[in-house]
Protein chains: 2
Amino acid sequence: MREVVVLGVGMTKFGRSEHSMKEMFSMAALEALEESGLESKDLQALFIGNVLGGFEEGQMNIAPFLADEIGMRHGAPATRYEGACASATVAIRHAALMVGSGVYDLVMAGGAERTTIMGTPLATKTFAMGSHSEYERFTGITFPGIFAMVAHQYCAKYGIALADLKMSMARTAVKNHHNGTLNPLAHFKKEITVETVLNGPMIADPLQLFDCCPFSDGAAAIVLADAAKFKNKVRTPVYVAGTGQGSAGSTYRQKDLTRMAAREAAVRQAYDQAGIGPSDVDVCELHDCFTIAEVVALEMLGFAEFGQGPAAVDRGDTSLTGRIPINPSGGLKAKGHPIGATGAAQAYEIVKQLRGECGERQVNGAKIGLVDTLGGDFSTVCSLVLRRD
Amino acid sequence: MREVVVLGVGMTKFGRSEHSMKEMFSMAALEALEESGLESKDLQALFIGNVLGGFEEGQMNIAPFLADEIGMRHGAPATRYEGACASATVAIRHAALMVGSGVYDLVMAGGAERTTIMGTPLATKTFAMGSHSEYERFTGITFPGIFAMVAHQYCAKYGIALADLKMSMARTAVKNHHNGTLNPLAHFKKEITVETVLNGPMIADPLQLFDCCPFSDGAAAIVLADAAKFKNKVRTPVYVAGTGQGSAGSTYRQKDLTRMAAREAAVRQAYDQAGIGPSDVDVCELHDCFTIAEVVALEMLGFAEFGQGPAAVDRGDTSLTGRIPINPSGGLKAKGHPIGATGAAQAYEIVKQLRGECGERQVNGAKIGLVDTLGGDFSTVCSLVLRRD
């Protein structure tokens with residue numbers, strides 16, 4: 001594999017947008033191109049994550065239209081990837097593999113999604129199409145219910161009181177909301193307290209409103225290139241050091257909701273390819289669609305022993321100045337969650353962190369970062385290890 | 001690039017099916033595995049084309065569920081590709097690139113789609129989401145209208161009478177229906193005449209009913225492997241000798257509807273990679289969503305001079321015993337068109353042709369075959385060159 005370097009990144013503000021998917025992606029893409037000192041005509045291929053374009057704007061086959069919108073030359077290939085929330089990370093991984101293996105020298109990857117146009121009820125319903133349509137959906141369960149089961153199983157498995165777990169979950173929300181206040185592009189920029197979480201409306205027991213991430217609109221993009229040819233174009237080169245992707249059956253096929261085969265496989269591949277272990281990671285953006293998701297992810301990614309995720313949270317390990325800062329961007333919880341764009345925004349944050357460009361939310365001296373994105377109910381997971389010299 | 005060999009192929013009957021998308025794909029996949037002498041646990045990754053799963057069965061994120069359904073091990077990556085009708089060809093191309101570049105040694109690619117469950121009106125409407133949602137759909141145009149414009153522009157550009165062009169289009173339908181009668185898996189197995197076409201109901205002037213392919217249900221799968229390690233497993237090895245993919249803006253961005261930048265770029269890449277030209281191709285499955293689409297494709301793929309497509313049809317060049325047999329399977333016109341599975345079915349036919357397993361529709365001595373799949377209105381095109389020793 002050749003070394004793959006990040007030439008530029010771009011991202012829109014997350015939240016509720018008046019812009020179309022194509023407009024949002026263009027804004028992110030042109031920012032990434034400007035950072036790269038390139039024009040869109042230089043790009044050899046485009047790799048795009050998008051999930052619900054058909055329901056949101058009646059737009060399937062979005063990749064060539066995004067390529068055209070940003071001015072790529074006609075004839076260059078543009079490909080859409082869809083793996084629920086992990087779509088953009090899957091797109092970035094495949095872009096990195098294509099550059100790494102010598103198929104292309106210079107490509108763009110990213111994601112775009114416009115969820116708020118549907119309203120939360122329709123968004124929740126279409127979003128649940130990431131679960132198994134024949135064997136699960138007839139039960140009426142949607143993602144809040146699935147992650148509520150994770151919390152209950154966690155308590156049962158480790159003999160932890162639900163009230164204690166809920167405190168760690170609430171602290172996770174408080175931490176991510178705090179980080180969001182430091183991120184100009186975040187959907188929510190409001191400090192909350194543990195009481196805000198514990199007094200919120202119940203969504204799916206034990207998940208309350210502030211345990212849940214929002215639906216957001218947004219887009220993000222990243223330019224990847226063969227390092228041998230292009231690394232001199234950037235002041236602080238960041239490299240894609242490893243990638244991994246794993247799949248598994250839907251919830252009903254999982255023996256233990258606190259351990260996800262797809263995630264453990266994906267992150268192991270990424271660590272192995274990068275030649276690192278979890279203790280080498282300085283900063284991580286992980287998939288906190290619900291607060292419990294962040295707690296269990298800490299364990300599966302190797303940042304806490306199994307059963308010790310809540311203790312790691314309670315010790316402050318995951319804060320900006322902690323042992324392993326998690327979701328400095330605010331995470332899905334506060335930065336927001338435009339489904340098919342989320343992975344690209346996680347990569348954006350890690351690139352900015354490794355370059356030292358994150359201002360008040362900067363993790364000091366970060367050299368190695370991890371992106372972890374979960375799609376569907378534990379069925380598609382994708383990981384990226386990024387590093388700087 | 002390493003040499004990539006086809007170990008096995010599988011395909012369901014096309015038409016109206018009582019089976020779910022997952023069941024159809026499983027049937028095709030298990031047939032491909034059986035031909036390969038492999039078990040699903042041997043597969044390192046799955047690459048899947050599917051377009052309208054969200055509308056058909058409320059199923060997004062289908063790749064991991066298909067992987068699970070066929071018994072792949074949890075942890076192996078499964079990825080969905082969506083580029084309208086070209087989805088499965090794009091999936092196969094990426095699978096071949098991943099094997100060719102050494103990322104994987106043994107993978108499955110394919111596609112599955114269930115269109116008849118929606119009925120033709122909803123299928124036509126959702127299918128039109130492959131066109132540009134902001135700049136085209138408000139005009140009310142759907143694919144029959146777009147390809148009708150191709151026919152009119154063709155006549156205007158080359159000074160051909162519409163009645164003459166319609167004769168060549170009708171002969172194309174008659175030829176593909178004839179081929180379909182020889183294909184046990186085809187949706188339509190009924191001979192028609194030029195009169196059947198010319199007396200059919202008008203759909204979008206000048207396209208009449210028998211100028212249009214049907215919506216079908218179906219699935220197809222292909223197992224690809226590193227030839228150095230696996231070619232001894234097959235009696236008649238077929239290789240992926242070249243691939244290409246191109247994108248372009250939607251119809252409103254095309255200067256000449258009879259020339260498609262994305263297709264010309266895609267097929268040039270595939271020919272170049274294979275080190276061949278159009279005169280080396282012995283058999284071709286191309287995207288005859290409408291009869292006019294086959295006529296203009298002949299020219300863009302290099303099988304006829306520009307302006308000479310109708311003459312090539314009229315001479316019988318494209319028949320099973322002609323100079324360049326086109327769509328021996330019956331094509332989209334008679335074999336059927338399960339959107340996201342179509343490219344995989346085209347590859348299935350070419351593999352069977354190169355192996356000499358096509359019975360009455362066999363193209364004698366075929367050694368090099370081309371797959372050409374068109375997605376959206378000229379915006380995503382993917383090409384594969386297959387060959388045997």
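Quick note: structure is the one above.
Here's what I pulled together on the structure shown here. (Residues numbered from 1 in each chain as written. Chains lettered and ligands numbered in written order. Predicted model: local features only at pLDDT ≥ 70, side-chain atom pairs only at ≥ 80, totals over all residues.)

**Considerations on unusual backbone geometry**
All names here are of chain A. A cis amide bond links Asp205 with the next residue in sequence, Pro206, at an omega value of 10 degrees. By the element assignment, Pro206 lies in the loop between strand S5 (202-204) and strand S6 (207-208). At Ala84, a residue that is not glycine, the phi angle is positive and equals roughly 50 degrees. Counting through the fold element by element, Ala84 comes out in the loop between strand S3 (78-82) and helix H4 (87-100). Taking the number of C-beta atoms within 10 Å as the measure of exposure, Ala84 has 30 and is therefore buried. (Helix = DSSP H or I, 4+ residues; strand = E, 2+ residues; numbered from the N terminus. Buried ≥ 20, exposed ≤ 12 C-beta atoms within 10 Å, placed from the backbone.)

**Some thoughts on the relation of the copies chain B and chain A**
Rotating chain B by 180 degrees and translating it 0.0 Å along the rotation axis places it on chain A, where the RMSD comes to 0.0 Å. Taken together, the turn and the small shift mark the pair as related by a two-fold rotation axis. When the interface residues of chain B are mapped onto chain A, 100% of them again lie at the interface, so the same face is used by both copies. (Least-squares fit on C-alpha atoms with pLDDT ≥ 70 in both. Contact = placed C-beta atoms within 7 Å.)

**Structural notes on the pairing of strand S2 (residues 45-49) of chain A**
Residues and elements named next belong to chain A. With 5 of 5 residues buried, S2 is to be regarded as a mostly interior element. Side chains Ala45, Phe47 and Gly49 project from S2 onto one buried face, and the interleaved Leu46 and Ile48 project onto a second face that is buried too. Two elements, S2 and strand S4 (residues 106-114), share 5 bridges in a ladder whose sense is parallel. Directly across from Phe47, in S4, lies its bridge partner Ala109. Where S2 lies against S3, 4 bridges are found, and the strand directions are parallel. When the sheet's bridge partners are listed, Ile48 is paired in S3 with Arg80. (Pairing = 2+ DSSP bridges.)

**Things to note about the interface of chain B and chain A**
Listed by partner, the interface residues are 53 residues for chain B and 53 residues for chain A. For the side of chain B that touches chain A, the elements supplying multiple residues, two or more each, are helix H2 (53-57), helix H3 (62-69), strand S3 (78-81), helix H4 (87-100), strand S8 (238-247) and helix H10 (261-274) of chain B. Ranked by the residues each element gives to the side of chain B that touches chain A, the list is headed by H3(B), at 5 residues. Grouping the amino acids of the side of chain B that touches chain A by side-chain chemistry returns 21 nonpolar, 25 polar and 7 charged. Pairing of S3(A) with S3(B), which is carried by 2 bridges, proceeds in the antiparallel orientation. Each residue of the ladder has a partner; that of A:Glu82, found in S3(B), is B:Arg80. (Nonpolar A, V, L, I, M, F, W, Y, C, P; charged D, E, K, R; others polar.)

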